[in-house]
Amino acid sequence: MFAHLMDNLDLWRIGFANTLSLTVLSFVIGFIIAIPVGLARSRTGTWMSRITYGYVYIIRGTPLLVQIFLLYYGAGQFHKALSQLGLWWLFREAYYCGLFALILNTVAYQAEIVRGAVLAIPKSLEEAGASVSLSMLQIFRFIHLPIATARMLPALGNEFVLLLKASALVSVIAVTDVMGQARYLFSETLDLSVYYVAAINYLAIVLVAEAILRKLEARNIWLNPR
Amino acid sequence: MAHSDQKTPAKIIISISALNKWYGDLHVLRDIDLDVKKGERIVIAGPSGSGKSTLIRCINYLEKYQGGKIVVDGVELIDDRKIIENIRREVGMVFQSFNLFPHLTILENCTLGPIQGLDLPKEQAIEKAMHFLNKVNIPEQADKYPGQLSGGQQQRVAIARSLCMNPDVMLFDEPTSALDPEMVKEVLDIMVSLAKEGMTMLCVTHEMGFAKEVADRVIFMDEGQIMEQNNPVEFFTNPQHERTKEFLKQIFF
C-alpha cells in the first residue's frame, strides 16, 4: 500500500521542506510586520488605525484562495511594470507568490492578536514605569513588549497551526508543498493513501510546534505563579 | 507635634502656584497654592473627587495641567521630556493599586528604574534593591513575582521600588485604600519610619491616625480647592471650615 512512499522519498522531502519553510517564513516575517500594524490598529481614532483596519478587513473578509489567485494570476497582468521594477522574478515563481500571499494574510490576523495584547495592558503600568523615570521607548521595551508577548503566545500558537494548514492552498498555483506533491502522486497512482502521508506530514509539524509553544509558555511562570 | 522644632527655615522643595486643571469642562483643580519644605510631611485629605490625587499626580507630571506652575527643587516643570524624566528621578510615587510590573521578580521590579533610568551598574542596583527590600522587611521574597505576594507585601515592594531611585520627595496616592484591613498597618509602619528618617512626603490618605502621628500639616481639599490647612492638632480639634467639620464627622462617625 505504501510502496509509493519509498519510491518517492525525495519528492516528499521537497514537499515537507517547502511547507515548513513557507509556514515558518510567513509566520516570522508576518509577526515582525504585525507589530507596527497592530500598534497602529490600537490607536483608535487615528488615520493609521483606519488604514490598518481597512487592510485587516479586506484580508480577513476574503478567502485566502482568492488572494492567492489574485496575486499569482493578477501579477501576470503587470508583467511589464514588475519587470521594470526588477520584481518580476518574485512574482514569476509560484513559491514566492504563495509566500507573499501567506504573509499578507497572516499579518492581518497577527496584527489583531498584537492589538488585543497591547490594549489589555493597563495604563497604570505605564505610569509606574514613568514614575521610575523610564522613557516612552524603555516603557515599551521593558514593560509593554514582554507582557504583550507572553499574553500573545497561545493565540500566536493557534495562528501558526492555522497558517500551516492554510498553506496547503498554495498547491493550487503549482507550488510543490506537501499538498502539491500529494496531488501529483495521487494523479500518478490513484492511491488514496498518499493523502494519509500528507496528513502525517502536517501532524508532525504541529506536534513539534506545540512542544515549542509549551516550552515558551513555561518560561512565563509569572502568568500562573505557583 | 513631631516637628514643630524647626530651627532654620527649611528650603522649599516643591512650590505650586495658581495651579489649574480641567478635564474637558470639569474644573478639577482651582488656584492651588502650596509650598512644601524639605523634610515636611503633608497629609492631604478630602472626599473622593476633590482633586487630591490629581494634585499629587501633577507633581511628577502624570497629569498635565492648564494653568499655573510647579517648581521642583528649583526646576520648573514644563512639557519637556528631559525635564520630566529628571523630576521623576527626584520624586518617587506609590500608587493605590501598587502597579508592580507583573512579569518581573520583586528584585527586578526594584532594579529596572535604577538600571535603565539612572544608568546604575547592575550589581550596584541589586545591592541597593536588597538594602531597601530589607528596609521594608521583605528581602526573602526577592525572587518571587508580584502575583505571589499579598497586597500589603506588594505595596511595601512598591515603596522599596520608589526608594531605589533615591528620591528627595515621596508621593503616596492612597497607599492603603486597596488593602485588606489587616495589611494596612504593615504599610503604615514603613511610612512612619520613612517619615521619622526625614523623608519629604505628600500623602493622600484617609488614615487619620497616620496624619496625627507624623504629619506636620494636614490639608483638606474639596471641589478642587484647598479649603483648609493646619497642623494636625488644630486640624482635628478645631476645624474652621464647615466642609472640614462635616468630613471629619463622617470619617470618625
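Residues numbered from 1 in each chain as written. Chains lettered and ligands numbered in written order. Predicted model: local features only at pLDDT ≥ 70, side-chain atom pairs only at ≥ 80, totals over all residues. Heavy atoms only, no water.

Asker: Now, about the overall build of chain B: what can you tell me, with residues and values included?
Answerer: Scanning chain B from terminus to terminus reveals 9 helices and 10 strands. In terms of overall size, chain B behaves like a compact globule, its C-alpha atoms giving a radius of gyration of 18 Å where 253 residues would be expected to give roughly 18 Å. Counting only C-alpha atoms, chain B reaches 50 × 45 × 40 Å along its principal axes. Taken across its 253 residues, chain B has 55% of its residues classed as buried. Residue pairs at least 24 apart in sequence account for 65% of intrachain contacts in chain B once pairs closer than 6 positions are excluded. Accessible surface, chain B as shown: approximately 11,000 Å² in total, 49% of it carbon and sulfur. Averaging the coordinates of the 28 positive side-chain charges in chain B and doing the same for the 36 negative ones gives two points 2 Å apart. (Helix = DSSP H or I, 4+ residues; strand = E, 2+ residues; numbered from the N terminus. Rg over C-alpha atoms; globule rule 2.2 N^0.38 Å. Buried < 20%, exposed > 50% of the residue type's maximum accessible area, 1.4 Å probe, protein only. Contact = heavy atoms within 4.5 Å. Areas by Shrake-Rupley, 256 points an atom, 1.4 Å probe, with all protein chains shown as cover. Lys, Arg positive; Asp, Glu negative; His and termini not counted. Charge placed at Lys NZ, Arg CZ, Asp CG, Glu CD.)

Asker: A description of the overall build of chain A should follow, citing residues and the corresponding values.
Answerer: Regarding its fold elements, chain A presents 11 helices and 0 strands. Helices and strands in chain A line up, N terminus first, as α-α-α-α-α-α-α-α-α-α-α. Each principal axis of the C-alpha distribution contributes one length, and for chain A these read about 70 × 50 × 30 Å. Counting over 226 residues, chain A shows a buried share of 45%.

Asker: Quick one: what's the story with the interface of chain A and chain B, residue by residue and with numbers?
Answerer: Each partner contributes to the interface: chain A provides 20 residues, whereas chain B provides 23 residues. The largest per-residue losses of area from chain A upon contact with chain B belong to A:Val132, A:Ser133 and A:Trp222, which jointly make up 27% of the total buried on that side. At the boundary of chain A with chain B, the tally comes to 1 salt bridge. A salt bridge links B:Arg57 to A:Glu127, with the nearest nitrogen and oxygen atoms 2.7 Å apart. Linking chain A to chain B there are 6 residue pairs in polar contact (both at pLDDT 80 or more). Listing elements by their share of the side of chain A that touches chain B, those giving two or more residues are helix H8 (123-131) and helix H9 (136-166) of chain A. (Buried area = accessible area lost by both parts, 1.4 Å probe. Salt bridge = Lys/Arg side-chain N within 4 Å of Asp/Glu carboxyl O. Polar contact = N/O pair within 3.5 Å; in protein donor to acceptor, adjacent residues only side chain to side chain.)

Asker: Can you lay out unusual backbone geometry for me, pointing to particular residues and giving the numbers?
Answerer: Of note in the backbone geometry, A:Ser133 takes a positive phi value of approximately 70° without being a glycine. Among the secondary structure elements, A:Ser133 is positioned in the loop between H8 and H9. Residue A:Ser133 is classed as buried on the basis of its relative accessible area, which comes to 1%. One non-glycine residue with positive phi stands out, namely B:Tyr61, at about 65°. For B:Tyr61, a relative accessible area of 11% gives the class buried.

Asker: Please set out the packing of aromatic side chains residue by residue, giving values where relevant.
Answerer: Two measures describe an aromatic ring pair: the distance that separates the ring centres and the angle between the ring planes. One pass over the structure, following the stated rule, counts 10 aromatic pairs over all chains. Ring plane angle 45° and centroid distance 5.4 Å describe the contact between A:Phe186 and A:Tyr195, whose orientation is recorded as tilted. Its relative accessible area of 28% is what places A:Tyr195 among the partly exposed residues. On the basis of an interplanar angle of 80° and a centroid distance of 6.0 Å, the ring pair of B:Tyr61 and B:Tyr65 is categorised as edge-to-face. A network of ring pairs unites the aromatic residues A:Phe69, A:Tyr72 and A:Tyr73 as a single cluster. (Phe/Tyr/Trp six-rings, centres within 6.5 Å; stacked < 30°, edge-to-face > 60°.)

Asker: Give a detailed account of the sheet that holds strand E5 (residues 75-76) of chain B, specifying residues and quantitative values.
Answerer: Residue and element names in this part refer to chain B. With respect to topology, 4 strands assemble into an open sheet ordered E2-E1-E4-E5, the strand pairing being antiparallel. In this open sheet, the two strands that pair with only one neighbour each are strand E2 (26-37) and E5. Docked against the sheet, helix H1 (residues 52-59) engages strand E1 (12-23), E2 and strand E4 (67-72), running at close to 120° with respect to E1. (Pairing = 2+ DSSP bridges. Axes fitted to C-alpha atoms, helices over the stretch in contact; angles between N-to-C directions.)

Asker: Quick rundown of the sheet that holds strand E9 (residues 217-222) of chain B? Include the residues and the values.
Answerer: Residue and element names in this part refer to chain B. Read across the sheet, 6 strands follow the order E6-E7-E8-E3-E9-E10 without closing on themselves; strand pairing throughout is mixed. Single-partner strands in this sheet number two, and they are strand E6 (91-94) and strand E10 (225-230). When strand polarity is set aside, the average angle formed by the axes of neighbouring strands in this sheet is 20°. Where helix H6 (residues 181-196) meets the sheet, it contacts strand E3 (41-45), strand E7 (169-173) and strand E8 (200-204), and its direction lies at approximately 145° from that of E8.

Asker: How would you summarise the pattern of salt bridges if you had to cite specific residues and measurements?
Answerer: Scanning all chains against the criterion turns up 22 salt bridges over all chains. Among the ionic pairs, B:Glu63 bridges to B:Arg57, the shortest N-O distance being 3.0 Å. Overlapping salt bridges, with partners in common, bring together A:Arg41, A:Arg60, A:Glu112 and A:Arg115 in one network.

Asker: So what's going on with the pairing of E8(B)? Residues and values would help.
Answerer: Residue and element names in this part refer to chain B. Counted residue by residue, E8 has 5 buried out of 5 residues, so it is predominantly covered. Burial of the side chains of E8 extends over both faces: Thr-200, Leu-202 and Val-204 are buried on one face and Met-201 and Cys-203 on the other. Pairing of E7 with E8, which is carried by 5 bridges, proceeds in the parallel orientation. The residue of E8 that forms the bridge with Leu-171 is Leu-202. Between E7 and its parallel partner E8, the chain crosses via H6, and the hand of that crossover is right-handed. (Right-handed = clockwise from strand over helix to strand, strands pointing away.)

Asker: Describe the nonpolar core, and please don't skip the residues or the numbers.
Answerer: Judged by nonpolar contacts, the single largest core of 95 residues is most densely connected at B:Ile16, B:Leu19, B:Ile44, B:Leu55 and B:Leu202. Of all the elements, helix H7 (residues 94-119) of chain A adds the most residues to this core, at 13 residues. In this structure, B:Leu163, B:Leu179, B:Ala195 and B:Met201 belong to the second largest nonpolar core, which totals 47 residues. (Core = buried A, V, L, I, M, F, W, Y, C linked by side-chain atoms within 4.5 Å.)

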